Amino acid sequence: MAHSVLKLTKDQISRLEDTYKSFLQDTVPQGGQFVAKVDGCTITAYRSGKVLFQGATAEQESAKWSGEQVQSRPASEKRKRKTHNHLPPETISSMSIIGSDEVGTGDFFGPITVVSAYVSKQQIPLVQELGVKDSKLLKDPQIIEIAKDLLKVIPFSLMVLHNEKYNELQSKGMTQGKMKAMLHRRAIENVMTKLPEGSVVDGVLIDQFCEPGVYFRHTKTNAKASPVPYFFETKAETIHVSVAAASIIARYAFLKKMDELSKKTGVIIPKGAGQQVDEAAAKIILKQGKTYLNNITKAHFANTTKALKLAEKKRK
Ligand code: MN
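From a predicted model like this one, the values you see are computed outputs, not experimental measurements. (Residues numbered from 1 in each chain as written. Predicted model: local features only at pLDDT ≥ 70, side-chain atom pairs only at ≥ 80, totals over all residues. Heavy atoms only, no water.)

Let us now look at the sheet that holds strand β5 (residues 97-103). Spatially, the five strands line up as an open sheet ordered β7-β6-β5-β8-β9, and their pairing is mixed. The outermost strands of the open sheet, each flanked by one partner alone, are β7 (156-161) and β9 (230-233). Going from strand to strand, the sheet's axes swing by 15° on average, the running direction of each strand aside. As defined by bridge partners, strand β6 (residues 112-119) adjoins β7 across six bridges and the pair is classed as antiparallel. Residue pairing in the sheet places Thr113 in a bridge with Val160 of β7. Across the sheet, helix α8 (residues 212-219) is in contact with β8 (203-207) and β9; its angle to β9 comes to roughly 130°. Strand contacts of helix α9 (residues 241-265): β5, β6, β7 and β8, with the helix running at about 35° to β5, the strand carrying the most contacts. (Pairing = 2+ DSSP bridges. Helix = DSSP H or I, 4+ residues; strand = E, 2+ residues; numbered from the N terminus. Axes fitted to C-alpha atoms, helices over the stretch in contact; angles between N-to-C directions. Contact = heavy atoms within 4.5 Å.)

Take the coordination of the manganese ion next. Bound to the manganese ion are the protein donor atoms Asp101 (OD) and Asp207 (OD), situated 2.1 to 2.2 Å from the metal. With Asp101 in strand β5 and Asp207 in strand β8, the pair connects residues that are 106 residues apart, well separated along the chain. Of the two residues, Asp101 and Asp207, neither departs from the other in class, the shared state being buried. (Donors = N, O, S within 2.8 Å, 3.2 Å for Na, K, Ca; no water. Buried < 20%, exposed > 50% of the residue type's maximum accessible area, 1.4 Å probe, protein only.)

So, about the confidence of the model for the chain. On average, residues of the chain score 92 in pLDDT, and 95% of them reach the 70 mark or higher. Predicted confidence is poor over residues 71-80, with pLDDT under 50, and the contacts of this stretch with residues over four places away or in other chains come to 10 contacts. (pLDDT = per-residue confidence, 0-100.)

A word on the sheet that holds strand β2 (residues 32-38). Strand order in this open sheet of four strands is β1-β4-β3-β2, and the pairing throughout is antiparallel. This sheet does not close on itself; its edge strands, each paired only once, are β1 (3-7) and β2. Direction aside, neighbouring strands of the sheet carry axes that sit 15° apart on average. Pairing geometry for β1 and strand β4 (residues 50-54), over five bridges, is antiparallel. Its bridge partner lying in β4, Leu6 is registered against Val51.

Set out below in C-alpha cells:
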C-alpha cells in the first residue's frame, strides 16, 4: 500500500487534527494522537510527531502538508506511481470540463450519491467565487451554503443509489466499483444533455476510483470512439473546479439524505463506519428491527454484525 510519512511539530499536528475534525476515528493506536480517514487515505498522527498517510491517495494527501515535510517516502517508491493513458493535461484547470465525483461509498448509513457537473472555462472564476474548493476542506454548513448557489449556476446531474437497490446489486455479486462506474456513466451522459447550446466540452474528468481500463470495461465505454476525451486522476477536485463542484453537490445531497434518516429513525445518524455508527445502528435495531436497518444501510458492511451484537447486549 502506498504510504508517506511526515515529521511535524505539535502545533502542526494540532492543525492537522483540526482540518480532519470530521473524519476522526474512534480507535487510536498506542502512542497515537489521532486517526482520520478520508477518501482513499488513513492518517495516523503519533505523539512522537510522526504522521503516517496510508492508502491510494496517501501521496496527494500528505502533499497538502508537504511544506512541513522533513522526511518523504523513498524515491524508489515514488517511481512506482501508477500511471495510465488518461491523465489530464497540465493545462486542464483552465479548460471547459465535466467533472464527476461520488460520496457515501465508505458510509454504512445512507446512499451513494454521484454528481457530474459542467463548468465552462468562462464560468471558472464565478464557481471559484462561490467558494468552491476541495469539499474535504469544507465543513458541512459551508457545503450546504455553496451547493445551494451552485445548483443555480451550473448544469449538473445527480444520481442516487438508494440502499435497497445497493444491497440488491451487492447481493447479486456486483462490486462497489462497478456500481460507481455505472452511476458516473449515467451522470455524465445526463449532464451532457443539459448543456446550453453551443457548449464546448474539452473533456470529462473523473475523480479516479479505479483504473481507467476498469471503468471503460464496467461501463462498456469505447474511449477511443468518444468525441470527448476522458481523464482520470485521484484528488481531481484539486485539479479542476468542476470536480470540486460535483463533489460539493454530491455531499450536499448525501447530507440531506442523512438528515432525513435521522428524522425518520429518531436516532442521530453518524457518517463513516466507525464505532458511533455501530451504536446508532444498534439503537435502530432495538427500535425498528434488523430489516429496517438493512434498508437504510450498506448491509454487507461489518457494522451490521457489530450492531447486532451490541443490540443483543443491550437487550439483556
Ligand atoms: Mn472521489
